[in-house]
Structure formats: structure tokens, C-alpha cells
Amino acid sequence: MLVAVLGASAAILLVAVGCAAAAILSISDGPGEVSKCQESLHAAEAMVRTDRWDPPEEMPDLGDYPEIHWQVRAQGSPCSRGPGPTDWAYQGVVKLRPEDARRLAERYEFVPWASVDPDELPHSSSPADAWSALVPFLPTEPRWLHSRLYNEGNPSPRWRVAFLDVENRTLFFMLNDH
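Anyway, here's the lowdown on the structure attached to this text. The model shown is predicted, which means the values in this text are computed figures rather than measured ones.

### A word on unusual backbone geometry
For the peptide bond that leads from Asp54 to Pro55, omega is 5 degrees, which places it in the cis range. Turning to its location among the elements, Pro55 is positioned in the loop between helix 2 (31-46) and strand 1 (67-74). One non-glycine residue, Glu109, lies in the positive phi region at around 50 degrees.

Here it is as C-alpha cells:
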């Protein structure tokens, strides 16, 4: 398990470092290196990962979930010639154990998503915003629940939005660097 966790962190780090290195090289080697960086970035973004979420504190109280599928995308261009940080966005679908799905719903006071006024939320995300490669892992007829308490809970260095379907034991999440 530790190997999988370290592997996920290493994969993201390698993409970021590889793109940053390609961007630095592009200053002297020309636009071909930027193109290689962009190809590498697109391949990394298209990959659906199945390794456990690390650090687990960013997605609290999921229990010992049996399955996860997630992706990462750059919010900016890590391949640009200019220096500077790149923010990242993440989405994922977690298959929970039945008891963990129920406990999560109760602990964080999840309510039906249909009853939530989106204008009152600090974000504009919904389950309809799932990236296409993750859609096959979502329930076909979900009964999404939402919890402002879970989304705003600490600790998290990222903005978190989560939707829970207790019946299908599924949590769909979105995280964004800030």
C-alpha cells in the first residue's frame, strides 16, 4: 500500500519536474522541447490512476475503500517558458465500503444535492462536471448528496468538493490547489 501511495506522489512529481525541465530547456533548445513537455503532460492528464489517495487527510473519513479512480490536470501551463508555479486540479471516484458510506453521510450531515441552492455554495462544481474518463466509474442513476461541512473541513491545502451516493457507495470528489 505504501508503495502505491508513494508511486502516485512520484508520478505527479515526475510530470511536474519533467515539464519544468522541458520548459527550462526550451529557452535554449527551442519550441521542440515545449512540444515534448506538452505531449508528456497530455499523456499524464489522460491517465486514470488507481493508486490510493495521498495524503489521505485531504479526503478524510473514507475508511479502507476498496477502489479509487482519479485524474490530475494542470490549471496553467507547466510547459511555458516563464517561471512560476502551476496549480493542479484533481477529480476522482471512490468506491466505499457500505458502513463507511453510511458513517460519512451521518458524520458530515450530507443532504440531497437537488435540495442545495448552487448560488449559496462557495464553488460552482456539480457531479455533471466529471471528466469524461471518470464517468464510467460513476453510478448510472446516482442519488447524490452534498455536505458543505465535509467540503470546508480541515485539514486541506486544496479546495474540496465532494458528492456522496450512499446507496451506490460512491464518493465523487474534486480538489483544486489554492
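After that view, the rundown keeps rolling.
### Some words on the pattern of salt bridges
Using the criterion set out here, one finds seven salt bridges in the structure. Measuring nitrogen to oxygen at the nearest pair gives 2.7 Å for the salt bridge that ties Asp100 to Arg103. Of this pair, Asp100 and Arg103 are both found in helix 3 (residues 98-107), three residues apart, which corresponds to roughly one turn of the helix. For Arg103, a relative accessible area of 48% gives the class partly exposed. The network of salt bridges with shared partners includes Arg97, Glu99, Asp100 and Arg103.

### Structural notes on the nonpolar core
Where a protein is soluble and globular, its nonpolar side chains tend to be buried together. One finds Trp53, Leu62, Leu96, Leu104, Leu171 and Phe173 to be the most contacted residues of the largest nonpolar core, which totals 27 residues. Residue assignment for this core shows that the elements contributing at least two residues are helix 2, strand 1, strand 2 (88-95), helix 3, strand 5 (158-165) and strand 6 (170-177). The dominant element in this core, judged by the number of residues it contributes, is strand 1, at four residues. Residues in contact with Trp53, not counting those within four places in the same chain, are Glu58, Met59, Tyr65, Ile68, Trp70, Tyr90, Arg158, Phe173 and Leu175. Formed by 13 residues, the second largest nonpolar core is a distinct cluster that contains Val93, Leu134, Val161 and Phe172.

### Some details on the sheet that holds strand 1
By definition, the strands of a sheet pair up through backbone hydrogen bonds, in either a parallel or an antiparallel sense. Overall, antiparallel pairing links the six strands, which are arranged 1-2-6-5-4-3 in an open sheet. Two strands lie at the open edges of the sheet, namely strand 1 and strand 3 (111-112), each paired on one side alone.

### Some remarks on helix 3
Considered for burial, the residues of helix 3 that qualify are Asp100, Ala101, Leu104 and Ala105. Looking straight down helix 3, one finds that the buried residues subtend no more than 135 degrees of arc, so they occupy a single side. For helix 3, the exposed residues lying more than 90 degrees away from the buried face are Glu106 and Arg107. Where helix 3 is buried, its residues touch strand 4 (145-146), helix 4 (148-152), strand 5 and strand 6. Looking one or two residues past helix 3, Glu109 carries a phi angle of roughly 50 degrees, positive in sign.

So, how was this worked out
Residues numbered from 1 in each chain as written. Predicted model: local features only at pLDDT ≥ 70, side-chain atom pairs only at ≥ 80, totals over all residues. Heavy atoms only, no water. Helix = DSSP H or I, 4+ residues; strand = E, 2+ residues; numbered from the N terminus. Salt bridge = Lys/Arg side-chain N within 4 Å of Asp/Glu carboxyl O. Buried < 20%, exposed > 50% of the residue type's maximum accessible area, 1.4 Å probe, protein only. Core = buried A, V, L, I, M, F, W, Y, C linked by side-chain atoms within 4.5 Å. Contact = heavy atoms within 4.5 Å. Pairing = 2+ DSSP bridges. Arc of directions from axis to C-beta.

Read these as layout, nothing more, since geometry by itself doesn't imply function.
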